[in-house]
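# Summary of structural features
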Amino acid sequence: MSFRPPLVAALALLCIGLCIGWTQRQTEPDVLPAPPPAPPSALPFQALQPLPPTPALPPERVALGERLFHEKRLSHDDSLSCASCHDLAHGGADARRVSLGVRGQPGQRNAPTVFNASLNFVQFWDGRAASLREQAAGPVHNPVEMASNWPEVLAKLSADAGYLQAFADVYGGPPTAERIVDALASFEETLLTPDSPLDRHLRGEPDALDARQRAGMQRFIELGCASCHQGVGLGGNMFQRFGVMEAPPPEAARDSGRQAVTGRESDRGVFKVPGLRNVALTAPYFHDASAATLDEAVRTMARVQLGHDLTAQDVELIVAFLQSLTGRWRGQALQ
Ligand code: HEC
Ligand code: HEC
């Protein structure tokens, strides 16, 4: 009989343990936040950062770059400027699925925005240009974009007294390829869009985001969106596969992405994670424009990148959050 008290005590403890475990399970929320999939460098709560200040560059150089950005003589038949495909009055992107080059030739990919592009770690969807200066030569020479070349462009600009004067004032000499791309890149470096509601929130104004946007930001972080779309640009700082958990839309699978740059089979279907600033203004979405609306892009991302079928409410909250990423340029709200 002497063994009974320990046995009773043990049974009692076991019962208490089970009961506590049971009640704990009952009081935990039904939906636990899903762990992010192999986060590349997850720092969830510092993952989103405000924009740095716009650099104070020499105004004459920026003005020359702005003029060149709108200069149709950079194209072979004087029909297209950079702004033809990157409309600064419409989010700095192209509302068409693919841009049309000289003689109306369709390109291969949707044009991303030039706003905040200076924050990208590399340029283009496949990262084939290391910098804005390297990037700017691309469209001038691309046969389905501006279809020109430097000798042709330099001959045209050098015949213009206004440009000769402007280049002399800024660079102390006539137009050259290096000076043109430097001026263009300088202008692009001023295309930061500060003071979005998210930036104001991150800088300590909690009410800059409304309750839905705050809830959307929480879901964006909990679901794992911020493991790829992070930092000052909410993207633009890493490459990732489009199709981590599921195959991407069939149109997307036709583009080999980063593989065309590196030649590595493992880079097939890998793209630069695009920045999401001003994303509400830059429809259609994805490199192939396969998502017409932000709702659709968010649903596809959750399914294809994270293996989640989002509820209608989650989609609505995340889209509300993404709308808080629209900033201002030269004091005006972007549209
Ligand atoms: C015919 C349309 C067209 C013209 C003209 C054009 N672009 Fe683009 N731009 C695009 C497309 C399409 C892409 C994406 C191409 C890709 O990633 O393969 C792009 C990409 C870019 C990017 C990279 C952005 C990012 O997030 O990776 C920058 C910067 C850019 N263009 C600046 C310019 C400048 C500067 C000019 C003028 C010299 C210019 N573009 C002229 C269509 C155009
Ligand atoms: C594993 C990395 C990864 C995760 C996680 C991820 N994304 Fe993306 N996102 C990408 C890549 C890569 C692209 C570019 C796809 C393409 O067009 O090829 C992209 C594109 C987008 C675009 C389109 C942007 C444009 O300009 O076309 C939106 C919007 C977007 N993501 C939102 C989200 C949201 C919301 C989540 C969470 C539900 C999310 N993403 C999760 C990597 C990721």
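Anything mentioned here points back to the structure above.
Computed from a prediction, not measured in an experiment: that's the story for all the values here.

### Here's the deal with the coordination of the iron atom of ligand 1
Inspection of the coordination sphere of the iron atom of ligand 1 shows a single protein donor, H86 (NE2), at 2.1 Å. When you line up the elements, H86 lands in the loop between α3 (82-85) and α4 (132-141).

### Remarks on the coordination of the iron atom of ligand 2
Each protein donor to the iron atom of ligand 2 is listed here as H229 (NE2) and M301 (SD); together their distances run 2.1 to 2.2 Å. Coordination at the iron atom of ligand 2 is octahedral, judged from the six donor atoms that bind it and the angles of 86 to 179 degrees they form at the metal. Here M301 lies in helix α12 (residues 294-306) and H229 lies in the loop between α9 (211-223) and β1 (239-241), a separation of 72 residues in the sequence. Residue classification places H229 among the buried positions, given a relative accessible area of 9%.

### A word on the site of ligand 1
Residues in contact with ligand 1 amount to 25 residues; listed here are only the nearest, C82, C85, H86, F124 and K272. A distance of 2.9 Å separates a nitrogen atom of ligand 1 from a polar atom in the side chain of H86. Note that an oxygen atom of ligand 1 is positioned 2.9 Å from one of the side-chain N or O atoms of N120. By residue number, the principal contributor to the shell around ligand 1 is α4, which donates four residues. Among the residues making up the shell around ligand 1, the classes are represented as 13 nonpolar, seven polar and five charged.

### Description of the environment of Q213
With respect to the helices and strands, Q213 occurs in helix α9. Sequence separation between Q213 and S324 is 111 residues; the distance between their C-alpha atoms is 7.1 Å. When residues no more than four places from it in sequence are discounted, the contact partners of Q213 are A208, A320, F321, Q323 and S324.

### Focus on helix α5 (residues 150-158)
Along α5, the positions that sit buried rather than exposed are W150, V153, K156 and L157. Axial view of α5: buried residues confined to an arc of 135 degrees, hence all on one face. The exposed set on the far side of α5, more than 90 degrees from its buried face, consists of P151 and A155. Close packing links the buried residues of α5 with α2 (59-69), α4, α6 (161-171) and α7 (177-189). Its side-chain oxygen at 2.9 Å from the backbone nitrogen of E152, N149 defines the N-terminal cap of α5.

The rules behind each value
- Residues numbered from 1 in each chain as written.
- Chains lettered and ligands numbered in written order.
- Predicted model: local features only at pLDDT ≥ 70, side-chain atom pairs only at ≥ 80, totals over all residues.
- Heavy atoms only, no water.
- Donors = N, O, S within 2.8 Å, 3.2 Å for Na, K, Ca; no water.
- Helix = DSSP H or I, 4+ residues; strand = E, 2+ residues; numbered from the N terminus.
- Tetrahedral: all angles 85-135°; square planar, octahedral: opposite > 155°, others 65-115°.
- Buried < 20%, exposed > 50% of the residue type's maximum accessible area, 1.4 Å probe, protein only.
- Near = heavy atom within 4 Å.
- Polar contact = N/O pair within 3.5 Å; in protein donor to acceptor, adjacent residues only side chain to side chain.
- Nonpolar A, V, L, I, M, F, W, Y, C, P; charged D, E, K, R; others polar.
- Contact = heavy atoms within 4.5 Å.
- Arc of directions from axis to C-beta.

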